[in-house]
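One-letter residues, chain by chain:
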Amino acid sequence: MASSAQSGAGPTDDFRYPGNRLGLPEAGQGSVAGWGRRIVALFVDWLIAGLIASAIVSKPLWAGGNDLSTAQLVTFFAMTAILTGLGGATIGHRLLGLRVTPTKQGGTTGYAAQVGLLAGAIRAALICLVIPAVIYDRDRRGLHDKAANTIVTRR
């Protein structure tokens, strides 16, 4: 049986809550977004991309097919990259009170800064691959957020 030097001690400062290491508040505006809102925002964005793709290929959304699926994925990528890069949030993020915030190299966040098109494109491409988005750290930053130096916070 192993024992630690500080048995019974509470969590260290790094492990208190998601976003603590980045200087984010524990709750409220600017805190790390929860999974529920993020997933609902993703579904909203995917539905909007599907509706746009349906209009592009002149096929109803419920009809499916490879051409519609490809158009929906391309539309989702473009919509996510541009809206996140320039506006800091997709339509789903805005509806659910979220924003994508860039992180600085020192670990703190920059609220006023834009994410940028390159970071938005990197983030969107990795979300489209799915796997990087479901692998995350204790700050709820997926691999897509780590690669783009971003974090999803509450607006």
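Let me begin by describing the structure that accompanies this report. Note on numbering: residues in each chain are counted from 1, in written sequence order. With the structure being a predicted model, the display of local features is reserved for residues of pLDDT at least 70 and the display and counting of side-chain atom pairs for 80 or more, all residues being used for whole-chain, interface and lining totals. Side-chain metrics rest on all non-hydrogen atoms present in the structure, leaving aside hydrogens and water.

1. Points about the overall build of the chain
Strands here are runs of E lasting at least two residues and helices are runs of H or I lasting at least four, both read from the DSSP assignment and numbered beginning at the N terminus. Each helix and strand counted, the chain has 6 helices and 2 strands in total. Each helix (α) and strand (β) of the chain, taken in turn from the N terminus, gives the series α-α-α-β-α-α-α-β. By residue count, 38% of the 155 residues in the chain fall in the buried class. The criterion used for residue contact is that any of the two residues' heavy atoms lie within 4.5 Å. The contacts of the chain with a sequence gap of at least 6 include a subset with a gap of at least 24, amounting to 62%. When the accessible surface of the chain is split by element, carbon and sulfur atoms take 63% of a total near 8,700 Å². Only protein chains enter the area calculation, which uses a 1.4 Å probe; residues under 20% of their type maximum are buried, those over 50% are exposed, and those in between are partly exposed. Areas reported here follow the Shrake-Rupley algorithm with a probe of radius 1.4 Å; residue values treat only the protein chains shown as occluding.

2. A word on the nonpolar core
We define the nonpolar core as a collection of buried residues of types Ala, Val, Leu, Ile, Met, Phe, Trp, Tyr and Cys that are connected through side-chain atoms lying within 4.5 Å of one another. Grouped together as the largest cluster of nonpolar side chains are 8 residues: Ala33, Ala41, Leu98, Val100, Val115, Ala119, Ala148 and Val152. Ala33 has contacts with Arg38, Leu98, Arg140, Val152, Thr153 and Arg154, leaving out every residue within four places of it along the chain.

3. Regarding helix α2 (residues 66–87)
Between its first and last C-alpha, α2 extends 31 Å over 22 residues, near the 32 Å set by a 1.5 Å rise per residue. Among the residues of α2, those classed as buried are Leu68, Ala71, Gln72, Thr75, Phe76, Met79, Thr80, Ala81, Thr84 and Gly85. Buried residues along α2 sit against α1 (35–57), β1 (98–102) and α4 (117–128). Two residues or fewer past α2, Gly88 is found with a positive phi of approximately 80°. Each residue after the first adds 1.5 Å to the expected span of a helix.

4. What about the packing of α2 against α4?
Helix packing for two helices is described by the angle between their axes and how far apart those axes are. Between the N-to-C directions of two axes lies an angle of 0 to 180 degrees, each axis being a line fitted to C-alpha atoms and, for a helix, fitted only over the stretch in contact. The geometry of α2 relative to α4 is characterised by a closest axis approach of 7 Å and an angle of 145° between their N-to-C directions. Two packed elements cross with a definite hand, and for α2 against α4 that hand is right-handed. Contacts between α2 and α4 involve Leu73, Phe76, Phe77, Thr80, Ala81, Ile82, Thr84, Gly85 and Leu86 on the former and, on the latter, Leu117, Gly120, Ala121, Arg123, Ala124, Ala125, Ile127 and Cys128. Residues are grouped as follows: nonpolar covers Ala, Val, Leu, Ile, Met, Phe, Trp, Tyr, Cys and Pro; charged covers Asp, Glu, Lys and Arg; every other residue, Gly included, is treated as polar. For the contact of α2 with α4, the per-class residue count stands at 12 nonpolar, 4 polar and 1 charged. If you view the pair so one helix is near and one far, a crossing is left-handed when the near helix is turned anticlockwise from the far one by less than a right angle, and right-handed when it is turned clockwise.

5. Details of a nonpolar patch on the surface
Patch membership requires more than 30% relative accessible area and the absence of a salt bridge. Residues of like charge join within 9 Å; the nonpolar side chains Val, Leu, Ile, Met, Phe, Trp and Tyr join within 5 Å. Throughout this description, the term salt bridge denotes a Lys or Arg side-chain nitrogen within 4 Å of a carboxyl oxygen of Asp or Glu. Together, Val130, Ile131, Val134, Ile135 and Leu143 give the surface a local cluster of nonpolar side chains, amounting to about 430 Å² of exposed area. Considering the arrangement of structural elements, one finds Val130 in the loop between α4 and α5 (131–134). Judged by relative accessible area, which is 47%, Val130 ranks as partly exposed.

6. Here's the deal with α4
Compared with the 16 Å implied by 1.5 Å per residue over 12 residues, the 16 Å span of α4 between its first and last C-alpha is a close match. Within the span of α4, buried status applies to Ala119, Gly120, Arg123, Ala124 and Ile127. Here the buried residues of α4 occupy an arc of 130° about the axis, which is enough to place them on one side. Count one or two residues on from α4 and you reach Val130, which has phi positive near 70°. Relevant arc is that of directions from the helix axis to the C-beta atoms, nothing else.

7. Details of the side chain of Asp145
When you line up the elements, Asp145 lands in helix α6 (residues 143–148). Apart from residues lying up to four places away in sequence, Asp145 is in contact with Arg38, Arg123, Arg140, Thr150, Ile151 and Val152.

8. Here we look at the packing of aromatic side chains
For this analysis, a ring pair means two rings from Phe, Tyr or Trp (six-membered ring only for Trp) whose centres lie within 6.5 Å, classed as stacked if their planes differ by under 30 degrees, edge-to-face if by over 60, and tilted for the remaining angles. In this structure the tally under the stated criterion is 2 aromatic pairs. On the basis of an interplanar angle of 55° and a centroid distance of 4.7 Å, the ring pair of Trp35 and Tyr136 is categorised as tilted. With Trp35 in helix α1 and Tyr136 in the loop between α5 and α6, this pair connects stretches of sequence that are 101 residues apart. A relative accessible area of 49% means that Tyr136 is categorised as partly exposed. Seen from their ring centres, Trp46 and Phe76 are 5.3 Å apart, and the 65° between their planes marks the pair as edge-to-face. Within this pair, whereas Trp46 is found in helix α1, its partner Phe76 is found in helix α2, the two being separated by 30 residues in sequence. According to the relative accessible area criterion, Trp46 is partly exposed, its value standing at 34%. By relative accessible area, which is 3% here, Phe76 ends up buried.

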